[in-house]
Amino acid sequence: MLQTGNGTRTFKSAGLEPNRVPFDSLPVIDLAPIFGTDEEARQRLAAELRRACTEVGFFYIRNHAVPQAVIDGAFGAAQDFFARPDADKQAIHVSKSRNNRGYAALLEENTDPTARGDLHESFDIALEVPETDPDVLAGKNLYGPNLWPEGAPAFRGDVEAYYDAMITLSRNLLHAFALALDLPEDHFDTLVSKPLATLRLLHYPPQFGEIDDRQIGIGAHSDYECFTILAQDDIHALQALNANGEWISAPPLPGHFVVNIGDQMARWTNGLFASTVHRAINRSGKERYSIPFFFGPNYDAEITPLESCVDADHPAQFEPITSGAYINSRFEATFAGYAAQNKAED
Ligand SMILES: O=C(O)CCC(=O)C(=O)O
Ligand SMILES: [Fe+2]
């Protein structure tokens, strides 16, 4: 049984994911048509995407227009950063940020509340918004400045270049999602002008011998935002859970990103798109690096089940909620879960 942001989900329950199937591999979507003008090709892409999002909620994308050099730059930055002395990393620890930016060490996170900490270290940035910005002054706590390591301008440059590329790709992907949902292509545009979008560098040391399922690279979870675009190095660790409760491999494919639907999108589509549970275990014997990018709409954007996903047979399952309130509620629930668990273990 897993607790996700839109309610409790048993491994086999249909509930939120009425169309989910026991997939045994992940679909590959060629995004090229979204950058072109061939209307038929765009409609074919929309149909493929709709199927991937409703049946699996996890897929690869290719021809995404992100230059390989930008991706390589971000992985180089991740390797350099995690190799820094601990004091440099602790100097920008996430506890020093009011907006969840910065570094977290091994075992400091626990993505699956029934587990015992994740075997990864991380570094998070989001949209760079100054303290003087009206939204920050108004208390919209998910906006704010990033924390950067001292004297590392090249690191910052590489990470920001990747962040910008992900923002552009996400807006393009949303055009394809809009078509897949029978909406005008620009339906989401005004809602993602100042998106809640987090880039995370991750480093997973290898795990050897017998592995306790309660302490793995990242425990079973679903993501909070609309979707996640994940870049992997060449080490296989990621797995997605199918409708039979089986873990299906999501190995790295050169030139591809993995995209998975998150809980905001499941909610927005009235449960039509599946926010699929996943985890990562690094048994490779080598260090693994991955870079997820979590993309959701503006803090004030209202997420109400889309008209194209509601009818007499599928009444709206979710109350309207703003993007910021939803993400905050997930963080609060997670922290409340930790507090309860730690108390129970004391
Ligand atoms: O590193 C991976 O492959 C997955 C990371 C992930 O699921 C997350 O950070 O939410
Ligand atoms: Fe995830």
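In short, a report on the structure. Quick caveat, the model's predicted, so the values are computed rather than measured.

Helix H5 (residues 153-180) packs onto helix H2 (residues 68-82) with a crossing angle of 135° between their chain directions and a minimal axis gap of 8 Å. Of the possible angle classes, the one that applies to H2 and H5 is oblique. Along this stretch, H2 crosses H5, giving a crossing that reads as left-handed. Between H2, through Val 70, Ile 71, Gly 73, Ala 74, Ala 77 and Phe 81, and H5, the contact on the second element is made entirely by Phe 155, Asp 158, Val 159, Ala 161, Tyr 162 and Ala 165. Grouping the amino acids of the contact of H2 with H5 by side-chain chemistry returns 10 nonpolar, one polar and one charged.

Below, the discussion takes up the coordination of the iron ion (ligand 2). The coordination sphere of the iron ion (ligand 2) contains the protein donors His 221 (NE2), Asp 223 (OD) and His 278 (NE2), at a distance range of 2.1 to 2.2 Å. All donor residues of the iron ion (ligand 2) come from one chain, and their arrangement in sequence is H-x1-D-x54-H. In this pair, Asp 223 is assigned in the loop between strand S8 (218-221) and strand S9 (227-232) and His 278 in strand S13 (residues 278-280), connecting sequence segments 55 residues apart. Take His 278: its relative accessible area is 6%, and that puts it in the buried class.

We now examine the packing of aromatic side chains. Pairs of aromatic rings are described using the distance from one ring centre to the other and the angle between the two planes. In the structure shown here, the tally under the stated rule is 16 aromatic pairs. Where Tyr 143 meets Tyr 299, the ring centres are 5.9 Å apart and the plane angle is 35°; that geometry is what we call tilted. Here the residue Tyr 143 occupies a position in the loop between helix H4 (134-137) and H5, and Tyr 299 occupies one in the loop between strand S14 (288-298) and strand S15 (302-303), the gap between them amounting to 156 residues. Centroid distance Phe 188 to Trp 268: 4.9 Å. Interplanar angle 65°. Geometry classified as edge-to-face. Taken as a pair, Phe 188 in the loop between H5 and strand S7 (195-204) and Trp 268 in helix H6 (residues 263-268) lie far apart in primary sequence, 80 residues in all.

What counts as what
- Residues numbered from 1 in each chain as written.
- Chains lettered and ligands numbered in written order.
- Predicted model: local features only at pLDDT ≥ 70, side-chain atom pairs only at ≥ 80, totals over all residues.
- Heavy atoms only, no water.
- Axes fitted to C-alpha atoms, helices over the stretch in contact; angles between N-to-C directions.
- Helix = DSSP H or I, 4+ residues; strand = E, 2+ residues; numbered from the N terminus.
- Parallel < 35°, antiparallel > 145°, perpendicular 65-115°, else oblique.
- Left-handed = near helix turned anticlockwise from the far one by under 90°.
- Contact = heavy atoms within 4.5 Å.
- Nonpolar A, V, L, I, M, F, W, Y, C, P; charged D, E, K, R; others polar.
- Donors = N, O, S within 2.8 Å, 3.2 Å for Na, K, Ca; no water.
- Buried < 20%, exposed > 50% of the residue type's maximum accessible area, 1.4 Å probe, protein only.
- Phe/Tyr/Trp six-rings, centres within 6.5 Å; stacked < 30°, edge-to-face > 60°.

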